[in-house]
Amino acid sequence: MPTPSKKRKGTAPLAAIVLAAGKGTRMKTTRAKVLHPVCGRPMVYFPVKRALEAGARPVVIVVGHQGDEVEASLRAALPGAPLQFARQERQLGTAHAVLAARPSLRGYRGPVMILSGDTPLLTTHTLASVVEARTAPGSLAFATMDLENPEGYGRVVHAPGKGPALIVEEKDATPEERQIREVNAGLYVADAEFLWSTLSRVDARNAQREFYLTDLVALAADGPGAVAVRVSPVEAQGVNDLEDLSLATRAMTRRIAASLMKSGVTIEDPERFDADEGVQVAPDTVLEPGVRLRGATRVGPGCVVGQGSILIDTQVGAGVQILPYSHLEKARVGDGCRVGPFARLRPESVIATGAHVGNFVELKKTTLGKGSKANHLTYLGDATIGAGVNIGCGTVTCNYDGEKKHPTRIGDGVFVGSDSILVAPISIGKGAYVAAGSTLTESVPAGALALGRARQVTKKGWARAKAAAKPAGKGR
Ligand code: UD1
Ligand code: CA
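Residue numbers here run from 1 along each chain, matching the order of that chain's written sequence. Throughout, the order in which chains and ligands are written sets their labels, letters from A for the former and numbers from 1 for the latter. Reporting in this predicted model follows two pLDDT cut-offs: at least 70 for local features of residues, and 80 or more for side-chain atom pairs to be given and counted; totals over whole chains, interfaces and linings ignore these cut-offs and use all residues. Calculation of side-chain values draws on the structure's entire complement of heavy atoms; hydrogens and water are dropped beforehand.

Asker: Even after reading the chapter, I still don't get the state of the cysteines, so can you show me in this structure?
Answerer: One way to say it: the disulfide is the covalent bond shared by the sulfur atoms of two cysteines. Sulfur atoms of two cysteines make up a disulfide when they are within 2.5 Å. Under the counting rule described, the total for this entry stands at 0 disulfides. Residue Cys-337 stays outside any disulfide, its sulfur separated by 9.6 Å from that of Cys-303, the closest cysteine. Just so you know, Cys-393 is unpaired, no disulfide at all, and the nearest cysteine sulfur is the one on Cys-398, 15 Å from it.

What follows is the structure in structure tokens.
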């Protein structure tokens, strides 16, 4: 991942709470907001990951809406990470959500970082800068940003000559306060003791009848004071609706593209490139416009991935050419292969070194051996194909009998003529030939020629005889 992962030095304690219980009504979707994906991960994965990178132990995630799914997705994405999950059954506000995490941090006395599950773009570097700003024990540091359009955010009100005095939510703000462009980014670091004692004083006397975490600032101003740390709006913008989601995804993709380009990968048009977090591409590979790399995809060095191609959980070796508009899922492609244009490799397809899979060829659960070729209009399913095999245009492995799938085996050096129908289960021995247009239902021994088609009948002069038989005046 491109984010600078500056590990916190030493043993300074840090815990984190990530707020992720809300439904996200502004999304207008059935799925809980924090589960919406950004670059292949549920949005909440990013603040959790960044908090871990910043050295937080544990990271407590406050879940509510679709909480089981949020928990399962994070446990799967971050196996073994020191995560804890706290339930907030009713979403009574951000302060209430933080209090739901309190039992998970019983006995902990150090600083606590609080993040929102809906700010996926924050970097570890920025988290560290807020941690460092919280100097005096007991004090509170929080991140702010200047926005051209501050709509929807809490505004930061400063006391003249002093620090920040309070955060006022948009719905509670006066028209003058709404003019303020410095807004609360929703990232806080506070001492545990200060946090718990102060949160108990937060009430819900506001426009939304919610317990606002933002009240901490005014409460701190009465005592030890708060520090506002300006951070980049590019990083700290929250996702509240589907347009925000698309912007966050684009920004995250740009980061992934930038880091790939820095490492020697050519991306012809980074604005027309999509990648999931965690994909790997080796140097000297060229990615044409409209390429989409998803999941655990790895592409080796010296490859070209053609325009509009989609690779999902796929491994590609070195020097491979994937021609435009190919779709590969859970496939393995060996060194020096050529795939596409318009090829489809479905799950468990393996093509060995130097093999070719051409246009309108579909492979499913099929191994194509070294240097073998299936260049045109073909379906190969549940097939094991040896090396140096030629599969002619229009070949079909009939692997499904309506109930079960059956295997096809094709030995090394076999030549399958065009338009052959191989009814599985069937095997074609090494070096055998299958005549074009054959329908084979029986296995073929090595070295044989199999013909499985009706013999051709040619009737000489037939057309002229037909014409002569027609009454005069009528056309052909
Ligand atoms: C919040 C801040 C606002 C800030 C903005 C930054 C408050 C009151 N307001 O507003 O000042 O500018 O973030 O992005 O904090 N959540 C829960 N339980 C709840 C309520 C919320 O877990 O009871 C979670 C949500 O799932 C979400 C996060 O807290 O991940 C923030 O909640 P959201 O409703 O998006 O707050 P904003 O209105 O954006
Ligand atoms: Ca928000």
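Asker: Would you mind showing me how to read the pairing of strand β7 (residues 140–146) here?
Answerer: Burial classes follow relative accessibility: with a 1.4 Å probe on protein chains only, a residue under 20% of its type's maximum area counts as buried, one over 50% as exposed, and anything between as partly exposed. We count a stretch as a helix when DSSP gives it H or I for four or more residues in a row; a strand needs E for two or more, and each element gets its number in order from the N terminus. Of all the 7 residues making up β7, 6 are buried; the element is thus mostly covered by neighbouring parts of the structure. Direction of pairing for β7 relative to strand β10 (residues 182–191): antiparallel, over a ladder of 6 bridges. From the neighbouring strand, Thr-144 faces β10, where its bridge partner is Asn-184. Should DSSP find at least two bridges between two strands, the strands are taken to pair. Two strands pair when backbone bridges link them, and β7 and strand β11 (residues 226–230) are joined in this way by 5 bridges, in the parallel orientation. Looking at β11, one finds that Ala-141 is bridged to Val-227.

Asker: Would you mind going over the sheet that holds strand β20 (residues 315–316) with me for this structure?
Answerer: Strand-to-strand pairing in sheets goes through backbone hydrogen bonds, with the strands running parallel or antiparallel. The 9 strands lie next to each other as β14-β17-β20-β23-β26-β28-β30-β33-β36, forming an open sheet whose pairing is parallel. The open sheet has two edge strands with one neighbour each: β14 (280–281) and β36 (426–428). Note: strand β33 (residues 408–410) against β36, 3 bridges, orientation parallel. Counterpart to Thr-408 in the pairing with β36 is Ile-426.

Asker: Honestly, the coordination of the calcium ion (ligand 2) in this entry has me stumped. Any pointers?
Answerer: Octahedral metals with six donors have ideal donor angles of 90 or 180 degrees. Tetrahedral metals with four donors have an ideal donor angle of 109.5 degrees. A 2.8 Å cut-off from the metal defines N, O and S donors, relaxed to 3.2 Å for Na, K and Ca; water is not in the atom list, so some sites may appear incomplete. For the calcium ion (ligand 2), the protein coordination sphere consists of Asp-118 (OD) and Asn-240 (OD1), at 2.4 to 2.6 Å. Here Asp-118, found in the loop between β6 (111–116) and α4 (124–133), pairs with Asn-240, found in the loop between α8 (233–236) and α9 (242–262); they are 122 residues apart in sequence, far enough to count as distant. Asn-240 shares its class with Asp-118; the two are buried.

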